[in-house]
Amino acid sequence: MSALLDATLDHLRALVGFDTRNPPRAIDTGGIFDYLRAQLSGFTVTVTDFGAGAVSLHAVRGTPRYLFNVHLDTVPDSPAWTADPHTLRVTDKHAIGLGACDIKGAAAALLAVANASDGDMALLFSSDEEANDPRCIAGFLRAFPLLPSGEGRGEGTGEAGRSGEPEPSPPTPLPKGEGCYQAVIVAEPTKGEVVLAHRGIQSVLMRFAGHAGHASGEQKAGDSALHQVVRWGDAALDFVVAQSHERFGGLTGLRFNIGRIEGGIKANMIAPTAEVRFGMRPLPTMHPDTLLKQLRALAEPEPAHFEETFRGPSLPAGDTARAEERRLAARDIADELELPVGNAVDFWTEAALFSAAGHLAFVYGPGDIAQAHSADEWVELDQLQRYAESIQRIVDRGLA
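Per chain, residue numbering runs from 1 following the sequence as it is written. Reporting of local features is limited, given that this is a predicted model, to residues whose pLDDT is at least 70; pairs of side-chain atoms are given and counted only at 80 or more, and all residues count toward the totals for whole chains, interfaces and linings. The basis for every side-chain value is the complete set of non-hydrogen atoms in the structure, without hydrogens or water.

Any details on the overall build of the chain? Residues and values, ideally.
By the criteria applied, helices consist of DSSP H or I runs no shorter than four residues and strands consist of E runs no shorter than two, each listed in order from the N terminus. Within the chain, the regular secondary structure consists of 10 helices and 17 strands. Using C-alpha atoms as the atom set, the radius of gyration is obtained and then compared with a globule rule of 2.2 Å times the number of residues to the power 0.38. The C-alpha atoms of the chain give 23 Å as radius of gyration, which agrees with the globular expectation for 400 residues (21 Å, within 12%). With the C-alpha coordinates aligned to their principal axes, the bounding extent of the chain is approximately 80 × 55 × 40 Å. The buried share of the chain, taken over its 400 residues, is 50%. Note on contacts: a residue pair qualifies if any of its non-hydrogen atoms lie within 4.5 Å across the two residues. A separation threshold of at least 6 residues defines the contact pool for the chain, and within that pool the share at least 24 residues apart is 77%. Accessible surface is estimated by sampling points in the Shrake-Rupley manner with a 1.4 Å probe; for residues, cover comes only from the protein chains shown. Summing over all exposed atoms, the chain offers an accessible surface of approximately 16800 Å²; the carbon and sulfur share of this is 49%. Here's how the labels work: a residue is buried when its accessible area is under 20% of the maximum for its type, exposed when over 50%, partly exposed in between, all with a 1.4 Å probe on protein chains only.

So what's going on with the pairing of strand E1 (residues 44-49)? Which residues, and what values?
Pairing between E1 and strand E2 (residues 55-61): 6 bridges, direction antiparallel. Bridge pairing in E2 links Thr 48 to Ser 56. Between the end of E1 and the start of E2, which pair antiparallel, lie 5 residues, with Gly 51 showing a positive phi angle near 85°. Here, a strand pair is defined by DSSP locating no fewer than two bridges between the strands.

Pulling in residues and values, what's your account of the packing of aromatic side chains?
Stacked, tilted and edge-to-face pairs are distinguished by plane angle, under 30 degrees for stacked and over 60 for edge-to-face with tilted covering the rest, among Phe, Tyr and Trp rings (Trp via its six-membered ring) whose centres lie within 6.5 Å. Summed over the entire model, instances satisfying the criterion amount to 8 aromatic pairs. Here Phe 310 and Trp 348 contribute two aromatic rings whose centre-to-centre distance is 6.0 Å and whose plane-to-plane angle is 90°, an arrangement assigned as edge-to-face. Taken together, the residues Phe 310 in strand E15 (residues 305-312) and Trp 348 in the loop between helix H8 (320-336) and helix H9 (351-356) connect sequence positions 38 residues apart. Look at Phe 310 and you get buried, because its relative accessible area is 10%. Put simply, the rings of Trp 232, Phe 256, Phe 278 and Phe 306 pair up and form one aromatic cluster.

Shown next, in the form of structure tokens:
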């Protein structure tokens, strides 16, 4: 193994040892963040606590053009793990541990490069990606918004405090120049290839209202809440099929899933209430509000309650023309950095949050999404080494 991989594994052993499961997200500014601070000598470091276990660390050395972002939280472990998930196991090919693939391996590699190089570098570590309560990236973007071309970079805006969330104190000085960072490189398991586009994500809660009664009589369309659900579900699946011709950046159609249906009392009673939870993953060219309006109106009567419980934008964000423009601009940066470009993916990442705020962003990291969230999660050593070497090359050449 190379010295860089050895250092990466040393850091990964330490990072896996910290319990950052989300939920319960029992994370504070100590623990793993104390470890990070200790590894980032020579960086200007700002740690911000956004509450409820959402903590970020922004570290800057020199005047970098790009921001490397990685989350430190993991999903909970399952009973299927064959050994302690917080103790890293290293074989001749794999590093095994909770978060090793998603995505502490990349965090460890970034720390190894930060210590092996003295080049300009900017890092943003966060702790709240694995649940539907993201605060870190939103808080960072409020504190350091994208500036109009020509205004240069400032030292924070105070916007974070206006929403009741803490402001970085003292604010981390961003390098002077045009706009903000030229791009944000978000680490997620992409098998060491750049991902320029991925789907958005939306989750919805619906409730249907009927009229309780004996099931022996003839029913009207709106009498049974469960019958309403069945009619709506049939129309929704037909609607999804009708979107199969839509395409963007190698992605096709609308991903859709009815995840839960609950309601009714017993077989001989008309169901007075029913609840449905569904999720969908639209293309960058599909407007989220339009999709919601169309799905709500698919059947009569319309649901009594319709609530979007989570929305994550797609990557790139924007209308069709703007999204394609951003995808090509991100591709130019990946080519400049000599990073291999892969296919678009179906899973969601926080790169979309940066894109929605106006930043160029793409996803690049070691590991395979098929291993993420699995028991005995692992990342290939070869991919860890290639990722670390690529980041070191970028930093050493002054490209970062």
